[in-house]
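Observations on chain architecture
For reference, the chains in residue letters:
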Amino acid sequence: MTQPPLPVVQEFPPTLREVMLRRRWMGVLALCLLVAGIFAWLGQWQLSRAIDTSPPPAGATEQVRPLTAVIQPGEYLDQSLGGQRVTTTGTWMPGDFIVLSQRFNNGDEGYWVSGQLRVADRTSIAVAIGWAPTREKADAAARRLDAAGAVQAEITGRLIDDEGVEVPPASDPSELTRMSPAALLSRWHDIDQLNVYRPYLASATATAGLTDISSPAPTEGSPINWLNIFYAAEWAVFAGFAFYLWYRLAKDAWERDVEAFEEAAASAGTPPSATEDAD
């Protein structure tokens, strides 16, 4: 008796889901989860810095505080303390009254006279003492201050961050246009083992025939830092891209498997079975 023919087992290519569940791609998914978790943590960190939950009260910079209660020598000035009014006492150091050019006062260009105020033993702060409309008046004020000697002074003014250093013009290599304690320190005397405040003090009241420096209260900024929010959004996009990368790699592997299956079926002379929907 003739045996009936065995039924033909129809083969199907793997589905996208089957490829994604393979051990290799599950391992890649675990790695992507780790990377996405790191990106999410970085985004959360950026968000925590984007909103100031305890901003200083309005008008806090206008309350005069002792210098040492606000900042210590060598410390960087916190953004919330920029323009803070402080008071301190010290002794002027003769020979260290330096004139700075290109300083504007209520829109008029002129000159500042700066000085080294020794506020404690081996501790100094740079002070912008006053403004003059011409170089001659500024130089004359600096000479009067030098002639007065090491006199004591009580200064009230605003703390302002270091303006940085600028290359002087070739016509006058000694000219200074930026109020930078670091640059002034290189020209001061008696600086061995000297502690210096990083910001400078803009005096509210000028001396030696100078004009008061115009230093209005700083504008109160928004408690929201939009740049940090933008960075947080970027980290969220990077985290999403990690998952997309895993999906794209797995799908490429699935498409290669389907292509190889169809080529094998074509070489065997049998039509390939319809692939199942990737979804």
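Here's a quick rundown of the structure. What you are looking at is a predicted structure, and each value in this text was computed from that prediction instead of being measured. Sequence order sets the numbering: in each chain, residues are counted from 1 along the sequence as written. Local features in this predicted model are restricted to residues of pLDDT 70 or higher, and side-chain atom pairs are both shown and tallied only at a pLDDT of 80 or more, whereas totals for entire chains, interfaces and linings draw on every residue. To get the side-chain values, take all heavy atoms of the structure and skip hydrogens and water.

Once that is clear, we can look at the overall build of the protein chain. We count a stretch as a helix when DSSP gives it H or I for four or more residues in a row; a strand needs E for two or more, and each element gets its number in order from the N terminus. The helix and strand tally for the protein chain stands at six helices and eight strands. Counting from the amino terminus, helix and strand elements in the protein chain follow one another as α-α-β-α-β-β-β-β-α-β-α-β-β-α. For the exposure calls, accessible area comes from a 1.4 Å probe over protein chains only, and a residue counts as buried if that area is under 20% of its type's maximum, exposed if over 50%, partly exposed in between. Going through the 279 residues of the protein chain one by one, you find that 35% of them count as buried. Only heavy atoms enter the contact rule, under which two residues are in contact if any of them lie within 4.5 Å. Of the contacts formed within the protein chain by residues at least 6 apart in sequence, a portion of 70% connects residues at least 24 apart.

A pair of strands is considered paired only if DSSP assigns at least 2 bridges between the two. As defined by bridge partners, strand S2 (residues 85-92) adjoins strand S6 (residues 152-160) across seven bridges and the pair is classed as antiparallel. Residue pairing in the sheet places Thr 87 in a bridge with Thr 156 of S6. Bridge count between S6 and strand S8 (residues 200-203): four bridges; the pairing is antiparallel. Residue Leu 159 lies in a different strand from S8, and its bridge partner there is Leu 201.

Here we take up the packing of helix H2 (residues 23-50) against helix H6 (residues 226-267). Only the stretch in contact is used when fitting a helix axis, every axis being a line fitted to C-alpha atoms; angles between N-to-C directions are given from 0 to 180 degrees. Axis separation between H2 and H6 bottoms out at 7 Å; the angle between their running directions is 170 degrees. Here H2 is positioned roughly antiparallel relative to H6, judged by the angle of their axes. In this count, Pro and Cys sit with the nonpolar residues alongside Ala, Val, Leu, Ile, Met, Phe, Trp and Tyr, while Asp, Glu, Lys and Arg are called charged and the others, Gly among them, polar. Here the contact of H2 with H6 is built from residues that sort into 23 nonpolar, three polar and one charged. Any angle from 65 to 115 degrees is called roughly perpendicular, while one under 35 is roughly parallel, one over 145 is roughly antiparallel, and all others are oblique.

Take the pairing of strand S4 (residues 108-120) next. Where S2 and S4 come together, two bridges link them in antiparallel fashion. Following the sheet pairing, Thr 91 is matched in S4 by Arg 118. From the end of strand S3 (residues 98-105) to the start of S4, which pair antiparallel, there are two residues, and Asn 106 there has a positive phi angle of about 55 degrees. Pairing of S4 with strand S5 (residues 123-132) involves nine bridges; the strand directions are antiparallel. Among the inter-strand pairings, Trp 112 is bridged to a residue of S5, identified as Trp 131. Connecting S4 to the antiparallel partner S5 that follows it, the hairpin turn spans two residues, and Arg 122 within it adopts a positive phi of roughly 60 degrees.

Moving on to the nonpolar core. Judged by nonpolar contacts, the single largest core of 26 residues is most densely connected at Trp 92, Val 113, Ile 125, Val 127, Ile 129 and Leu 159. Beyond its immediate stretch of four places on either side in the chain, Ile 125 contacts Leu 67, Gly 115, Gln 116, Leu 117, Val 119, Leu 159, Trp 188, Tyr 197, Pro 199 and Leu 201. Working definition of a nonpolar core: buried Ala, Val, Leu, Ile, Met, Phe, Trp, Tyr and Cys residues. They are joined through side-chain atoms within 4.5 Å.

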